[in-house]
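Here is how the chains run, residue by residue.
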Amino acid sequence: MTKAQIEKQLRKLKPYKAPGPDGILNIILTKCANLLLDRLYHIYKGMLERNIQYKPWKTFTTVVLRKPGKPRYNIPKAYRPIALLNTMWKVLTAIVAEQITYYTEKYQLLPSHHFGGRPGQTTTDAMHLLAHRIKGAWCKGKVAAVLFLDIEGAFPNAVPEKLIHNLRKRKIPLKHVEFVKNMLRGRLTMLRFNGYCSEQIQIDNGIG
């Protein structure tokens, strides 16, 4: 981890997004980046190298918002949950995610035809590949058939144990694997809706 990585993530924060339970606004970190950089560097580096995580940062608020234009609001699909994470935690996890992405691309840990969530890969690339495969089949006198599956809809939550297994299998550095493993443990959220705030709820699935 470098100070440049931290500063880059601080500058990327959207200044006026709602804060998490700690109440620290993004704009405070973006405007005070020069003052906070040295301190955050030692805190984040120590947490990553020693696999130490500050428990209160792993508590977040889930705000339940109504989707506009719905005919009725007595069904769950008429609402959208928005997770408000603590900003200091969000910056650190973004740095770790960026580092894992770097290893993934450098050592080609994903198939070349995997486009989702990768830098420089877009839906346009996926459509070009699809069109190429279809036209290739036509040129050979074959019929092309396509099956579309909504994988995210069928499996909306990643299983932490499986995720850790996959990271280890692809030989991601151990300190990053252990960080992700502990990051997904002991997470708590509070539901906020129409002025109501629930008790803390333990989260044992998904990646937040």
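Before reading on, note that the structure itself is shown above.
Reference entry: report on the structure contained in this document. (Residues numbered from 1 in each chain as written. Predicted model: local features only at pLDDT ≥ 70, side-chain atom pairs only at ≥ 80, totals over all residues. Heavy atoms only, no water.)

### Overview of the nonpolar core
- One finds Ile6, Leu10, Tyr44 and Val180 to be the most contacted residues of the largest nonpolar core, which totals 28 residues.
- Put simply, the parts of the chain that give this core at least two residues each are helix H1 (3–12), helix H3 (33–50), helix H4 (87–106), helix H7 (160–169) and helix H8 (174–183).
- Per-element accounting of this core gives the leading share, eight residues, to H4.
- Beyond its immediate chain neighbours, meaning those up to four positions away, Tyr44 contacts Met1, Ile6, Trp57, Met88, Val91, Leu92 and Ile95. (Core = buried A, V, L, I, M, F, W, Y, C linked by side-chain atoms within 4.5 Å. Buried < 20%, exposed > 50% of the residue type's maximum accessible area, 1.4 Å probe, protein only. Helix = DSSP H or I, 4+ residues; strand = E, 2+ residues; numbered from the N terminus. Contact = heavy atoms within 4.5 Å.)

### Notes on the packing of aromatic side chains
- In total, this model carries seven aromatic pairs according to the counting rule given.
- Considering the side-chain rings of Tyr44 and Trp57, the 6.5 Å spacing of their centres and the 70 degrees angle between planes classify their relative orientation as edge-to-face. Of this pair, Tyr44 sits in helix H3 while Trp57 sits in the loop between H3 and strand E1 (59–66), and the two are 13 residues apart along the sequence.
- What makes Tyr44 buried here is its relative accessible area of 0%.
- A residue is classified by how much of its surface remains accessible, and Trp57, at 12% relative accessible area, is buried.
- Plain terms: the ring middles of Tyr79 and Phe193 are 5.5 Å apart, the flat faces sit at 80 degrees to each other, and that makes the pair edge-to-face. Pair noted here: Tyr79 is in strand E2 (residues 79–84) and Phe193 is in strand E3 (residues 187–193), with a separation of 114 residues, a long-range link.
- Of the residues examined, Tyr79 reaches a relative accessible area of 16% and is grouped as buried.
- Its end group placed over the ring of Tyr41, Lys3 keeps NZ or CZ at 5.5 Å from the ring centre. (Phe/Tyr/Trp six-rings, centres within 6.5 Å; stacked < 30°, edge-to-face > 60°. Lys NZ or Arg CZ within 6 Å of the ring centre and 35° of its normal.)

### Some thoughts on unusual backbone geometry
- Phi at Asn51 takes a positive value of approximately 55 degrees, unusual for a residue other than glycine.
- Its location among the elements puts Asn51 in the loop between H3 and E1.
- Taking relative accessible area as the criterion, Asn51 reaches 26% and is therefore assigned partly exposed.
- In this structure, Asn194 is a non-glycine residue whose phi angle is positive, near 50 degrees.
- Take Asn194: it is sitting in the loop between E3 and strand E4 (196–197).
- Accessibility expressed as a relative area gives 66% for Asn194, which makes it exposed.

### Topic: the environment of Asn86
- With respect to the helices and strands, the residue Asn86 is situated in the loop between E2 and H4.
- Once the C-alpha coordinates of Asn86 and Pro21 are considered, the two residues, 65 residues apart in sequence, prove to be 6.3 Å apart.

### Considerations on the packing of H4 against H8
- In the contact formed by H4 and H8, the axes pass within 11 Å of each other and the chain directions differ by 140 degrees. One finds that H4 runs oblique with respect to H8. In this structure, H4 crosses over H8, and the sense of that crossing is left-handed. From H4, Trp89, Leu92, Thr93, Val96, Gln99, Ile100 and Tyr103 reach across to H8, where they touch His176, Phe179, Val180 and Met183.
- Of the residues in the contact of H4 with H8, the class split is eight nonpolar, three polar and no charged. (Axes fitted to C-alpha atoms, helices over the stretch in contact; angles between N-to-C directions. Parallel < 35°, antiparallel > 145°, perpendicular 65-115°, else oblique. Left-handed = near helix turned anticlockwise from the far one by under 90°. Nonpolar A, V, L, I, M, F, W, Y, C, P; charged D, E, K, R; others polar.)

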